[in-house]
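# Examination of the molecular architecture
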Amino acid sequence: MAKIIGGIATSHIPAIGKAIAHGLQDQDYWKPFFDGYHFVHEWLDRMQPDVVVIIYNDHGLNFFLDKLPTFAGGAAAEYHNADEGWGLPVSRPFKGYPEFSWHLIESLVYDEFDVTTCQEMLVDHAFVVPMALMWPKPKRSIRVIPIAINTIQFPFPTPTRCFKLGRAIARGIESFPEDLRVVIVGSGGLSHQLEGARAGFINRKFDLESMDRIVGDISTLARMSIPELVQMAGTQGVELINWIAMRGALDRDVVEKHRNYHVPISNTASAVMVLENPGCHPTEERTNLCQ
């Protein structure tokens with residue numbers, strides 16, 4: 001059966017994509033941020049996942065205000081990127097896994113989550129930037145399943161609902177009858193606000209507390225309301241619900257392997273975390289993925 005080996009929480013700021021495109025990783029402004037991903041590369045090399053489920057929020061490339069599902073799942077054979085106007089180079093398509101996607105979507109619907117099924121799906125910087133950060137040398141053998149959560153147009157799903165979505169994602173993955181190692185990615189945040197009287201708002205204290213709670217006190221984050229989350233993290237900081245959904249897909253007790261927090265990147269608090277499910281270790285034997 002498919003097994004979830006762990007999760008990665010990461011920022012997805014468009015400026016990161018531009019820095020990668022222009023080779024700025026070692027510049028003073030960028031180095032503290034990109035150095036935080038060296039461990040991520042080493043961990044992924046050791047763990048060798050077969051499939052990545054990326055929980056992210058679309059910014060208008062695939063959905064817009066006239067039609068914006070609360071939850072959407074990709075079921076395509078490949079996922080294309082396109083120009084969003086940020087000056088980012090358009091990425092090559094990402095390889096999907098339709099059989100696994102359909103299984104996961106059906107499982108979510110049977111688990112009472114009404115997911116919009118996308119047999120064609122454009123993926124924006126919230127998907128592409130994390131892939132570039134995790135695999136600086138593109139690994140096109142890795143297969144991807146995108147899960148989009150609405151953080152653009154009210155009403156948003158509550159943190160509790162997103163945590164329950166993560167639990168349902170885990171049940172769907174672990175009922176797929178194929179020997180696969182799956183990593184869950186939560187893409188977004190941390191605190192930031194791009195408009196209004198609080199433009200440039202960053203809440204370092206809340207960010208660091210949230211990173212602690214992602215590991216050991218997720219219920220406190222999951223009980224927050226959307227207005228509370230916006231107040232503490234900023235309008236766009238509500239993307240933390242993507243991290244909460246990722247955490248919901250992991251075991252109750254996880255091992256924190258790595259974290260890095262850096263401020264600011266383009267008026268945003270940026271961070272990365274690596275969480276590992278207990279008992280999931282790199283192994284040459286593929287029959288028992290997680291004891």
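A brief structural summary. (Residues numbered from 1 in each chain as written. Predicted model: local features only at pLDDT ≥ 70, side-chain atom pairs only at ≥ 80, totals over all residues. Heavy atoms only, no water.)

## What to know about the sheet that holds strand E1 (residues 3-10)
Strand order in the open sheet made by the eight strands is E6-E3-E7-E2-E8-E1-E10-E9, with mixed pairing throughout. Every other strand in the sheet has two partners, leaving strand E6 (116-118) and strand E9 (255-262) as the edge strands with one partner each. Neighbour-to-neighbour, the strand axes of the sheet open up by a mean angle of 15 degrees, direction not taken into account. Two elements, E1 and strand E8 (residues 181-187), share seven bridges in a ladder whose sense is parallel. The partner of Ala9 across the bridge, within E8, is Gly186. On top of the sheet, helix H5 (residues 125-134) reaches E1, strand E2 (51-56), strand E7 (143-149) and E8; it is set at about 135 degrees to E2, its chief contact. Along the sheet, helix H7 (residues 204-216) makes contact with E9 and strand E10 (270-276), crossing E9 at roughly 165 degrees. (Pairing = 2+ DSSP bridges. Helix = DSSP H or I, 4+ residues; strand = E, 2+ residues; numbered from the N terminus. Axes fitted to C-alpha atoms, helices over the stretch in contact; angles between N-to-C directions. Contact = heavy atoms within 4.5 Å.)

## Examining the pattern of salt bridges
Inspection of every chain in the model, using the stated rule, returns eight salt bridges. Among the ionic pairs, Arg213 bridges to Asp217, the shortest N-O distance being 3.8 Å. By relative accessible area, which is 29% here, Asp217 ends up partly exposed. Asp253 is paired through a salt bridge with Arg252; the nearest N and O atoms lie 3.6 Å apart. A single network of salt bridges, built from pairs that share partners, joins Asp212, Glu256 and Arg259. (Salt bridge = Lys/Arg side-chain N within 4 Å of Asp/Glu carboxyl O. Buried < 20%, exposed > 50% of the residue type's maximum accessible area, 1.4 Å probe, protein only.)

## Observations concerning the state of the cysteines
Working definition: the covalent bond between the sulfur atoms of two cysteines is a disulfide. Counted by the stated rule, this structure contains zero disulfides. The structure places no disulfide on Cys118, whose sulfur is separated from the nearest cysteine sulfur, that of Cys162, by 17 Å. Here Cys118 falls in the buried class, since its relative accessible area comes to 6%. (Disulfide = S-S within 2.5 Å.)

## A short note on unusual backbone geometry
The linkage connecting Gly189 with the following residue, Leu190, adopts the cis geometry, with an omega of 5 degrees. Along the chain, Leu190 falls in the loop between E8 and H7. Cis geometry marks the peptide bond from Val263 to Pro264, where omega comes out at -15 degrees. Looking at the secondary structure, you find Pro264 in the loop between E9 and E10. Here Glu112, not a glycine, exhibits a phi torsion of approximately 75 degrees, which is positive. With a relative accessible area of 66%, Glu112 lands in the exposed category. Here the phi dihedral of Ser266 falls at roughly 55 degrees; this positive angle occurs in a residue that is not glycine. With respect to the element layout, Ser266 can be found in the loop between E9 and E10.

Treat this as a map of the structure, not an account of what it does.
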